[in-house]
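Observations on the model geometry
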Amino acid sequence: MAEQAKLRETLLKEKDRLQQELAELEKDMPSLQERRVGSSFGKREEEAVEASEMENRLAMETKLNELIAEANRALEKLNQGSYGRCDLCREPINPERLEALPTAHLCLKCRAAQDKARTRR
């Protein structure tokens with residue numbers, strides 16, 4: 001039981017860290033509309049740089065939201081008593097994998113098969 005409490009604390013801390021990082025990203029990067037106000041915006045180079053910055057920001061926001069969702073999923077599995085079991089084959093996930101990646105929801109075998117299937121598309 002103490003191990004579950006420690007795991008829950010680890011997952012909650014990671015989720016909080018990710019949410020803070022997301023909040024900082026949103027705070028530090030003014031919206032596209034705000035950036036357009038007062039800028040000459042007539043030069044293609046400026047537009048290209050701004051578009052690239054916006055694309056990078058959106059990619060980072062997407063990744064952070066995905067990581068937060070993974071933390072939520074792991075917490076839900078912990079609540080349901082299914083934490084540490086592969087979502088696909090239901091076999092136990094290697095404890096070393098869970099230690100390295102507490103949000104893992106697939107065993108290495110299923111993860112490798114999933115990655116292989118993705119590369120075939």
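Computed from a prediction, not measured in an experiment: that's the story for all the values here.

Cut-offs applied
- Residues numbered from 1 in each chain as written.
- Predicted model: local features only at pLDDT ≥ 70, side-chain atom pairs only at ≥ 80, totals over all residues.
- Heavy atoms only, no water.
- Salt bridge = Lys/Arg side-chain N within 4 Å of Asp/Glu carboxyl O.
- Helix = DSSP H or I, 4+ residues; strand = E, 2+ residues; numbered from the N terminus.
- Axes fitted to C-alpha atoms, helices over the stretch in contact; angles between N-to-C directions.
- Parallel < 35°, antiparallel > 145°, perpendicular 65-115°, else oblique.
- Left-handed = near helix turned anticlockwise from the far one by under 90°.
- Nonpolar A, V, L, I, M, F, W, Y, C, P; charged D, E, K, R; others polar.

1. Some thoughts on the pattern of salt bridges
Any two side chains of opposite charge can pair, so long as their charged atoms come close to each other. One pass over the full model with this rule turns up nine salt bridges. Of the charged contacts in the structure, one is a salt bridge between aspartate 87 and arginine 73, with a shortest N-O distance of 2.4 Å. Pair noted here: aspartate 87 is in the loop between α3 (44–80) and α4 (95–100) and arginine 73 is in helix α3, with a separation of 14 residues, a long-range link. One salt bridge connects lysine 77 with aspartate 87, and the closest N-O pair in it is separated by 2.5 Å.

2. A word on the packing of helix α1 (residues 2–28) against α3
Contact geometry for α1 and α3: axes closest at 10 Å, N-to-C directions at 160 degrees. It follows from the interaxial angle that α1 and α3 lie roughly antiparallel. In the crossing of α1 with α3, the sense of the turn from one axis to the other is left-handed. Residue composition of the contact of α1 with α3, by class: 14 nonpolar, five polar and six charged.

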